[in-house]
Structure formats: structure tokens, C-alpha cells
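# Residue-level structure breakdown
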Amino acid sequence: MTRHIALLFSLLAILLLTACGGSSSQRPSLAVSVEPQRAMLEEIVGDRFDVVTLLGKGANPETFDPTMRSRMEAENARAFFTTGSMPFEERIAEALPATVKVVDVSAGIEPIYGTHGHDHGHDHGHAEETHAHEHSALERDPHLCVSVRNARVIARNMYEQVVALDSASKDYYTDNYRRLDARLDSLDRAFSARLTAAPSRAFAIWHPSLSYLARDYGLEQVAVGFENKEMSPQRLTETVDHARADSVKVFFFQTDYDSRQAQTLNQQMGTRLVTINPLVYEWEDALSQIVNALTLKP
């Protein structure tokens, strides 16, 4: 499909969205990849910009196929803030007009590699960390927003770009950003103090999405899922033995995954099954839920 045809489809989509009751706001917009970014960015920009999230509700960020609506929202934004590690971001960014600034908010975050291979096993939150040029973006652990420390970097990067877009309102953005950063700093300190006294330094999880949180606080993430496939009896036994050897007390299971083996694994490991969803708008509450589960005394 030529660029002209793609542009025509985008214009038609805009007309359809408007006719179906689309936003009537006259404020410029900014696009982000996931809901935690939107929560932070809205706190920074206040009433100066509208912020839209491109990842569909309940969609898996690792397999999400951008819709016409998400592409259109990105094209109409002043800037698109990516995490730099999700496949759909690249597909959207490469089709954007030059008027949209693409910003990788992961700049300054040391990426984690090797957590999303075929054999997860042990993960101390720093599995196979190497220089970025030795890996493709698809090999990075994409779950940046499960770390308060990462969030502070992400917020800083978004704040600096917003100021670059609208320098006349710098003082307004600066005040908002400083309040956000101070709260995140306090949250990080509270998490660190609480997790120091956690009854176990290890936890099990179906899909290895808490690698950055594990790295922040010296925890061990034991990924027990197997590419959403049924485990063989031998692998099931090995997984259970692994978790027991590491004194795992909690088994986290993400809401966007479905496995008939989760309950069986939980029973055999003797753990507490806790359902989590770190990619929600209320991401700070979601992380607090995780910390609460890890620090609950048996």
C-alpha cells in the first residue's frame, strides 16, 4: 500500500471517529505506549495536553497489532513516547509523519536481556545483561514500568521533552514533575525498606514480567510458565522442585494469561496464588499489591 493510500485511510478514519463522537478537545495531544506512562505524563502536563494510550485495553504488549485507531491517534499527536522495547511501537513509529516527534523514554535505563527466551529458569533481575548493541530491541525485557526507579527515569525523560515542546509553560511542568518525582522517590524507599524484611527473597511468576522490580530490590524471579503451552510431566516436576528449593512463597499470575496449569502448579509448589496486572493506569497501586504479597508473613 502506497503512502498516499495509507494517508487516505487515516483521513477517513479521522472523519469516522469524529462522526461517532470522538474527542472534541482543542488541546494538542501526546501519545504513549502503555497506561503507566499515561498516568505519569498526565500528572506532568495537567490540562495543557490530552494524553492517549496506544496499547489496547487488555492487549498483550508483546503481540499487540496496532489498530487503525491507534495509528491515527499517534499521527495526530505532537509526540509519541515509546518504551523502546515493544514490537508494535516500531511499526507505528516508522509510519509516522515528520511532524510527530518519537521519543524513547527508556534512555538512561539499563536494559535487562534474556528473560523472554524459551527457558526462563532463575532470574535475579539481571539475566544476561550486556551492551545494547549486541541485542535487538525485541530481546529486551519490555516490562520497564514495573520498577519505580525506572518510572522516575521515564518521567524525567517525558518531562524534558514536554518542556521542549512547550517551553512557555516550563514552570508549570516543572512543579508538576517535582511533585511526581518526590512521591515516586518516597514509594521506592518504602518498598526497599519493606522488602528487606520479606520472608523470602524469591517469588514465582507465570510470565517473567517483574524482572526490573526484582533487580531493584535484590529479589529472585522464578518464571514457571512455558510459552503458554502445557508442560510435560518432567518439566512440571522440575519447576516445582526449583520453586521449593528457593523457598518460594508467592506465585504471581498475570490477568492477560490463561493457563489450566496455574492452579496445579500453585498447589504443588505450596504457594499463594496472587493475580496481578502491572500495566494498569493505577500502576502504583498494582506495584503496592505485589509488595504487599511479598511481605505478607506466612
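Use the structure listed above.
Below is a summary of the structure that appears in this document. (Residues numbered from 1 in each chain as written. Predicted model: local features only at pLDDT ≥ 70, side-chain atom pairs only at ≥ 80, totals over all residues. Heavy atoms only, no water.)

## Focus: the nonpolar core
Put simply, the rule is: Note on terminology: a nonpolar core comprises buried Ala, Val, Leu, Ile, Met, Phe, Trp, Tyr and Cys residues joined through side-chain atoms within 4.5 Å. Three exposure classes are used, based on accessible area relative to the maximum for each residue type with a 1.4 Å probe and protein chains only: buried under 20%, partly exposed in between, and exposed over 50%. Numbering of helices and strands runs from the N terminus; a helix is a DSSP stretch of H or I covering at least four residues, while a strand is a stretch of E covering at least two. Pairs of residues are marked as contacts when any of their non-hydrogen atoms sit within 4.5 Å.
Met-40, Leu-41, Val-45, Phe-81 and Phe-252 are the most contacted members of the largest nonpolar core, which totals 64 residues. By residue number, the principal contributor to this core is helix α5 (residues 148-165), which donates eight residues. Ignoring any residue separated from it by four or fewer positions in sequence, one finds Leu-41 in contact with Leu-30, Val-32, Val-51, Phe-81, Met-158 and Val-162. Counting residues in each nonpolar core, the second largest holds 16 residues, with Met-231, Ala-243, Tyr-257 and Met-269 among its members.

## A word on the packing of helix α2 (residues 35-45) against α5
The geometry of a pair of packed helices is captured by two quantities: the angle between their axes and the separation between those axes. Going by this rule: Interaxial angles span 0 to 180 degrees and are taken between N-to-C directions of axes, which are lines fitted to C-alpha atoms, for helices over the stretch in contact. Roughly parallel covers angles under 35 degrees, roughly antiparallel covers those over 145, roughly perpendicular covers 65 to 115, and oblique covers all other angles. Each crossing is labelled by how the near helix is turned from the far one, with a counterclockwise turn of less than a right angle marking it left-handed and a clockwise turn marking it right-handed. Three classes are used, and their members are as follows: Ala, Val, Leu, Ile, Met, Phe, Trp, Tyr, Cys and Pro are nonpolar, Asp, Glu, Lys and Arg are charged, and the others, Gly among them, are polar.
For the pair α2 and α5, interaxial distance at closest approach is 10 Å and the crossing angle is 45°. Between α2 and α5, the crossing angle belongs to the class labelled oblique. In terms of crossing hand, the pair formed by α2 and α5 is right-handed. Of α5, the residues touching α2 (which contributes Gln-37, Met-40, Leu-41, Ile-44 and Val-45) are Ala-151, Ile-154, Ala-155, Met-158, Tyr-159 and Val-162. In the contact of α2 with α5, the residues fall into 10 nonpolar, one polar and no charged.

## A look at the packing of helix α8 (residues 233-245) against helix α9 (residues 262-269)
The interhelical angle for the contact between α8 and α9, taken along N-to-C directions, is 45°, at an axis separation of 9 Å. Between α8 and α9, the angle falls in the class oblique. α9 is crossed by α8, and the crossing has right-handed handedness. Each of Leu-236, Thr-239, Val-240, Ala-243 and Arg-244 in α8 lies in contact with α9, whose residues at this interface are Leu-265, Gln-268 and Met-269. Taken together, the residues that form the contact of α8 with α9 break down as five nonpolar, two polar and one charged.

## Re the sheet that holds strand β1 (residues 29-32)
For clarity, the threshold we go by: Paired strands are those between which DSSP finds at least two bridges.
On the basis of which strands lie adjacent, the open sheet formed by four strands has the order β2-β1-β3-β4 and parallel pairing. What marks the edges here is a single partner per strand, and that holds for β2 (50-53) and β4 (101-104). Averaged over all adjacent pairs, the angle separating strand axes in this sheet is 25°, with direction ignored. Alignment of β1 against β2, held across four bridges, turns out to be parallel. Residue pairing across strands places Ala-31 opposite Val-52, the latter belonging to β2. Where α2 meets the sheet, it contacts β1, β2 and β3 (79-82), and its direction lies at approximately 175° from that of β2.

## Description of helix α6 (residues 170-196)
Put simply, the rule is: A helix's residues, less one, multiplied by 1.5 Å, set its expected span.
Across its 27 residues, α6 extends 38 Å between first and last C-alpha, which sits within 8% of the 39 Å expected from 1.5 Å per residue. Taken together, the buried positions of α6 are Tyr-173, Thr-174, Asn-176, Tyr-177, Leu-180, Asp-181, Leu-184, Asp-185, Leu-187, Asp-188, Phe-191 and Leu-195. Elements in contact with the buried residues of α6: α2, α5, α7 (211-217) and α10 (283-295).

## Some remarks on the environment of Arg-71
For Arg-71, the location among the structural elements is in helix α3 (residues 68-75). Sequence spacing of Arg-71 and Ile-92 is 21 residues, and the spatial spacing of their C-alpha atoms is 6.2 Å.

## Details of the pattern of salt bridges
Condition: The working definition used for a salt bridge is a side-chain nitrogen of Lys or Arg within 4 Å of a carboxyl oxygen of Asp or Glu.
For the structure shown, the criterion picks out 12 salt bridges. Across the pair Arg-38 and Glu-42 runs a salt bridge whose closest N-O atoms are separated by 3.1 Å. Residue Arg-38 and its partner Glu-42 are located together in helix α2, separated by four residues, close to a single helical turn. Close ionic contact of Glu-284 with Arg-183 constitutes a salt bridge, the shortest N to O distance being 2.6 Å. Of this pair, Glu-284 sits in helix α10 while Arg-183 sits in helix α6, placing them 101 residues apart in sequence. Residue class for Glu-284 comes out buried when judged on its relative accessible area of 19%. In this structure Arg-183 comes out as partly exposed when scored by relative accessible area, which is 33%. Through salt bridges with shared partners, a single network forms among Arg-152, Asp-181, Asp-185 and Arg-189.

## What about the pairing of β1?
Formally: Looking down the strands as they point away from you, a crossover is right-handed if its path from the first strand over the helix to the second goes clockwise.
A two-sided burial pattern is seen for β1, the buried positions comprising Ser-29 and Ala-31 on one face and Leu-30 and Val-32 on the other. Where the polypeptide runs from β1 across α2 and back to β2, its parallel neighbour, the crossover connection is right-handed. Direction of pairing for β1 relative to β3: parallel, over a ladder of two bridges. When the bridges of β3 are listed, Ala-31 appears paired with Phe-80.

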